[in-house]
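# Geometric and topological summary
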Amino acid sequence: GETYQYNRDMIYEIAGLPSNYSSFKYDIVGSITDVGELKAEITNIVLLDRYGNNITENYRFNCIGKIEVRQRKLIIQTQSASKEYDGKPLTSKKWWIQMGELVDGHVIDGNTISSITDVGYVENLLEITEIRDESGNDVSINYFIEIKAGILTVTENE
């Protein structure tokens with residue numbers, strides 16, 4: 001949920017500078033919030049030789065760095081439930097995040113969609129419609145979600 005940007009605290013390796021340079025100044029720009037990659041962009045480059053002469057235009061600079069934001073993994077568990085056959089559908093709307101956590105301010109819109117009336121069992125499936133941030137923006141792309149389905153079971157009357 002936070003924006004990552006290139007800054008001076010990151011570790012950079014500068015390769016191919018001439019042996020007689022005295023100063024190399026530059027800015028690296030770019031920022032990213034959602035899942036994806038951002039390639040670094042170098043700007044405001046100034047390369048000085050040992051005499052203080054600006055020799056920047058004698059060189060071509062190439063930046064191959066990147067920042068990557070990966071999906072946040074969540075494992076969601078739906079509740080199991082059982083009952084004896086009574087002719088009425090069995091459902092369970094309960095579910096919870098078993099592993100991982102949402103970014104502060106994010107909420108999941110999801111509903112269990114399974115039901116069983118006759119004797120037998122079905123997985124208690126969950127349909128996630130959206131994950132939203134505090135501004136209401138869909139941020140679902142930033143999450144990898146695994147659903148562990150509980151079991152809904154209807155047994156015979158004894």
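Figured I'd write up the structure that's included with this text. (Residues numbered from 1 in each chain as written. Predicted model: local features only at pLDDT ≥ 70, side-chain atom pairs only at ≥ 80, totals over all residues. Heavy atoms only, no water.)

### A word on the sheet that holds strand β11 (residues 120-124)
Put simply, the test is: By this definition, two strands are paired if DSSP reports at least two bridges between them. We count a stretch as a helix when DSSP gives it H or I for four or more residues in a row; a strand needs E for two or more, and each element gets its number in order from the N terminus. Throughout, an axis means a line fitted to C-alpha atoms (over the contacting stretch in the case of helices), and angles, computed between N-to-C directions, take values from 0 to 180 degrees.
Taken together, the 3 strands give an open sheet; going across it, the order is β8-β14-β11, and neighbouring strands pair in mixed fashion. Of all the strands in the sheet, just β8 (81-84) and β11 have a single pairing partner and so form its edges. Between one strand axis and the next, the sheet turns through 10° on average, direction left out of account. Sheet topology places β11 next to strand β14 (residues 150-155); 5 bridges connect them, and they run antiparallel. Opposite tyrosine 121, over in β14, you have threonine 153 as the bridge partner.

### Concerning the pattern of salt bridges
Charged atoms that come close allow side chains of opposite charge to pair. Note the threshold: Each salt bridge in this description consists of a side-chain nitrogen of Lys or Arg and a carboxyl oxygen of Asp or Glu lying within 4 Å of one another. Exposure is judged per residue with a 1.4 Å probe applied to protein chains only, and the accessible area is read against the type maximum: over 50% gives exposed, under 20% gives buried, and values in between give partly exposed.
All chains considered together, the criterion is met by 3 salt bridges. In this structure, glutamate 146 engages lysine 73 in a salt bridge whose closest nitrogen and oxygen atoms are separated by 3.6 Å. Linking glutamate 146 in strand β13 (residues 143-148) with lysine 73 in strand β7 (residues 72-78), this pair joins segments that are 73 residues apart in sequence. Its salt-bridge partner being arginine 132, residue aspartate 109 comes within 2.0 Å of it at the nearest N-O pair. One end of the pair, aspartate 109, is in strand β10 (residues 107-112); the other, arginine 132, is in strand β12 (residues 126-132), with 23 residues separating them in the sequence. A residue is classified by how much of its surface remains accessible, and arginine 132, at 24% relative accessible area, is partly exposed.

### Concerning the side chain of glutamine 77
Under the convention used in this document: Definition of a polar contact: a pair of N or O atoms within 3.5 Å, with one able to donate and the other able to accept a hydrogen when the atoms are protein atoms, and with sequence-neighbouring residues admitted only if both atoms are side-chain atoms. When checking whether two residues touch, look at their non-hydrogen atoms; a contact exists if any pair is within 4.5 Å.
By the secondary structure assignment, glutamine 77 is in strand β7. A distance of 3.1 Å separates a polar atom in the side chain of glutamine 77 from the backbone oxygen of lysine 148. Not counting residues within four places of it along the chain, the set of residues in contact with glutamine 77 comprises Trp95, Trp96, Gln98, Lys148, Ala149 and Gly150.

### Examining the nonpolar core
Condition: Here, nonpolar core refers to any group of buried Ala, Val, Leu, Ile, Met, Phe, Trp, Tyr and Cys residues whose side-chain atoms link them within 4.5 Å.
Counting residues in hydrophobic clusters, the biggest one holds 9 residues: Leu74, Ile76, Leu102, Val103, Ile108, Leu126, Ile131, Val139 and Tyr143. Elements supplying a minimum of two residues to this core: β7 and β12. Among residues more than four places away in sequence, those in contact with leucine 102 are Arg72, Leu74, Ile97, Val107, Ile108, Ile131 and Tyr143. With 6 residues, the next largest nonpolar core counts Phe24, Tyr26, Leu47 and Ile55 among its residues.

### Some remarks on the pairing of β10
Going residue by residue along β10, you find Ile108, Gly110 and Thr112 tucked away on one face and Val107, Asp109 and Asn111 left uncovered on the opposite face. One ladder, built from 6 bridges, connects β10 with β12; its direction is antiparallel. Bridge pairing in β12 places threonine 112 opposite leucine 126.

### Here's the deal with the environment of valine 139
Within the secondary structure layout, valine 139 lies in the loop between β12 and β13. Owing to a relative accessible area of 7%, valine 139 belongs among the buried residues under this scheme. For the pair formed by valine 139 and aspartate 34, sequence separation is 105 residues and the distance between their alpha carbons is 7.8 Å. Residues in contact with valine 139, not counting those within four places in the same chain, are His106, Ile131, Arg132 and Asp133.

### Here's the deal with the sheet that holds β7
One open sheet accounts for 3 strands, arranged β9-β7-β13; its pairing is mixed. Strand pairing shows two members of the sheet lacking a second neighbour, β9 (95-99) and β13, which therefore form its edges. The average angle at which neighbouring strand axes cross in this sheet is 35°, direction not considered. Pairing of β7 with β13, which is carried by 6 bridges, proceeds in the parallel orientation. In the sheet register, lysine 73 faces β13, and the bridge partner there is phenylalanine 144.

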